[in-house]
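Observations on the three-dimensional arrangement
The lines below spell out each chain.
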Amino acid sequence: GTDGYGAVVVNVALGTPYTLTASKNGYSPASIIFTIPNADKKVVARLTLESLLLNRDMRLAGLYYDNKRWNLKEGGEKELDKLVKLLNDNLRLQIEIKSYSSDYNKNEPDLQLAQKRARNVLNYLAFKGIEENRIYANGFAMKGRSDEGTTHRTMYRLFRSGDREVNAAEVKRKAAAEQRAKQAATRAQKQKSAAAARKQQQATAAKKRAEANAAARARQQQLQQQRVQLQQQQALLRQQAAQRRAAAAKAKAQAGKKEIPPQPFESFEIKSL
């Protein structure tokens, strides 16, 4: 160990290469190789430890995938090799791989694709010698299309053994919660679509009823107009008939008042009683 200032005194053999490694909880270890050629040579070694970001999602920006594929493209191994070194230098660290794929393409099984990609990263780390019990891999379907097109979002989170319980049950619960949320969103969308369809159907039916009522009112108005016209025609005919009857009666009355002129007899006879 070192004192409060990070200083340490050790005995070394002259001319022999040594590796000086410094480590501290919460920091990435650093190392340097040095040799002291003679006793008069003074060697000053300065190591800077970079703070580790634990329990925080970090992005693996160098991972790329072809569309609908889960195999790493060229260059992705270099990014994962950095994680391999980090995990080898910090044996108490565990890692969770989170792979996301967009669900803009409804024909693509996005959740399964994300899980395969996360599992592929796990397999690579295990192939490089990292114990699988230190690695957790999960896949998630992300809402909306990624701005990166064929690229894929992969995150990782570092945590120390014992600081956080990550087990299969938690993974299943998390995946189940994601699935339930997605199903709930799907149901809500279906209900919204069904409500919109019902509203449209109701609006269409109301429009048809209004049109039918308007047509019926127009027909009634037309029939009413026809009845009024018929009544007017009947009234005119009655008036004309009354006028004819009055004219006939007047003519008859005038005929009864005429004087009949005396008519001569053709013969006459007078007898005594």
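Relevant structure appears above.
This structure is a prediction, so every number in the text was calculated from the model and none was measured. (Residues numbered from 1 in each chain as written. Predicted model: local features only at pLDDT ≥ 70, side-chain atom pairs only at ≥ 80, totals over all residues. Heavy atoms only, no water.)

Overview of the overall build of the protein chain
- Within the protein chain, the secondary structure is distributed over 3 helices and 8 strands.
- Taken from the N to the C terminus, the helices and strands of the protein chain come in the order β-β-β-β-β-α-β-α-β-β-α.
- In the protein chain, which comprises 273 residues, the share counted as buried stands at 23%.
- If you sum the accessible surface of the protein chain, you get close to 20,700 Å²; carbon and sulfur atoms cover 51% of it. (Helix = DSSP H or I, 4+ residues; strand = E, 2+ residues; numbered from the N terminus. Buried < 20%, exposed > 50% of the residue type's maximum accessible area, 1.4 Å probe, protein only. Areas by Shrake-Rupley, 256 points an atom, 1.4 Å probe, with all protein chains shown as cover.)

Comments concerning the nonpolar core
- One finds Leu-80, Ile-95, Ile-97 and Leu-125 to be the most contacted residues of the largest nonpolar core, which totals 22 residues.
- Looking at this core, the elements that each hand over two or more residues are helix H1 (76-89), strand S6 (93-102), helix H2 (110-127) and strand S8 (153-160).
- Not counting residues up to four positions away in its chain, the partners in contact with Leu-125 are Leu-80, Leu-83, Val-84, Ile-95, Ile-97, Ile-130 and Ile-135. (Core = buried A, V, L, I, M, F, W, Y, C linked by side-chain atoms within 4.5 Å. Contact = heavy atoms within 4.5 Å.)

Looking at the packing of H1 against H2
- Remark: H1 packs on H2, axes separated minimally by 10 Å, with the N-to-C direction vectors making an angle of 60°. With respect to their mutual orientation, H1 and H2 come out oblique. H2 is crossed by H1, and the crossing has right-handed handedness. Between H1 and H2, the residues in contact are Glu-77, Leu-80, Asp-81, Leu-83 and Val-84 and Val-121, Tyr-124 and Leu-125, respectively.
- Residue composition of the contact of H1 with H2, grouped by class: 6 nonpolar, no polar and 2 charged. (Axes fitted to C-alpha atoms, helices over the stretch in contact; angles between N-to-C directions. Parallel < 35°, antiparallel > 145°, perpendicular 65-115°, else oblique. Left-handed = near helix turned anticlockwise from the far one by under 90°. Nonpolar A, V, L, I, M, F, W, Y, C, P; charged D, E, K, R; others polar.)

Considerations on the packing of aromatic side chains
- What the rule picks out here adds up to 2 aromatic pairs.
- For the pair Tyr-136 and Phe-159, a centre-to-centre distance of 6.2 Å together with 35° between the ring planes defines the contact as tilted. Residue Tyr-136 is located in strand S7 (residues 135-142), and its partner Phe-159 is located in strand S8; the two are separated by 23 residues in the primary sequence.
- Of the residues examined, Phe-159 reaches a relative accessible area of 0% and is grouped as buried.
- The ring of Trp-70 is capped by Arg-69, whose NZ or CZ atom sits 5.1 Å from the centre of that ring.
- The aromatic ring of Trp-70 is capped on one face by Lys-116, whose charged end is 4.3 Å from the ring centroid. (Phe/Tyr/Trp six-rings, centres within 6.5 Å; stacked < 30°, edge-to-face > 60°. Lys NZ or Arg CZ within 6 Å of the ring centre and 35° of its normal.)

Focus: the pattern of salt bridges
- Counted by the stated rule, this structure contains 6 salt bridges.
- For the salt bridge of Lys-82 with Glu-79, the shortest nitrogen-to-oxygen distance reads 3.9 Å. In this pair, Lys-82 and Glu-79 are both assigned in helix H1, 3 residues apart and thus about one turn of the helix distant.
- Since its relative accessible area comes to 21%, Glu-79 is described here as partly exposed.
- The shortest N-O distance in the salt bridge between Arg-134 and Glu-131 comes to 3.3 Å.
- Taking the relative accessible area as the measure of exposure, Arg-134 reaches 7% and is therefore buried.
- For Glu-131, a relative accessible area of 42% puts it in the partly exposed group. (Salt bridge = Lys/Arg side-chain N within 4 Å of Asp/Glu carboxyl O.)

Examining the side chain of Ser-99
- The topology assignment puts Ser-99 in strand S6.
- At a separation of 3.3 Å, a polar atom in the side chain of Ser-99 contacts the main-chain carbonyl oxygen of Ala-114. (Polar contact = N/O pair within 3.5 Å; in protein donor to acceptor, adjacent residues only side chain to side chain.)

Quick notes on the pairing of S8
- Where burial is concerned, most of S8 is hidden: 7 out of the 8 residues are buried.
- Two elements, strand S5 (residues 57-59) and S8, share 3 bridges in a ladder whose sense is antiparallel. In the strand pairing of S8, Arg-59 is matched with Met-155. (Pairing = 2+ DSSP bridges.)

Observations regarding the environment of Lys-116
- Tracing the sequence through the fold places Lys-116 in helix H2.
- The class for Lys-116 is partly exposed, based on a relative accessible area of 39%.
- Spatially, the C-alpha atoms of Lys-116 and Asn-138 are 8.9 Å apart, while their sequence positions differ by 22 residues.

Topic: H2
- Under the 1.5 Å per step criterion, the end-to-end length of H2 is 26 Å for 18 residues, consistent within 8% with the ideal 26 Å.
- Inspection of H2 places Asp-110, Leu-113, Ala-114, Arg-117, Ala-118, Asn-120, Val-121, Leu-122, Tyr-124 and Leu-125 among the buried residues, and these make up the whole buried set.
- Once H2 finishes, Gly-129 follows within two positions and takes phi at roughly 105°, a positive value. (Expected span 1.5 Å × (residues − 1).)

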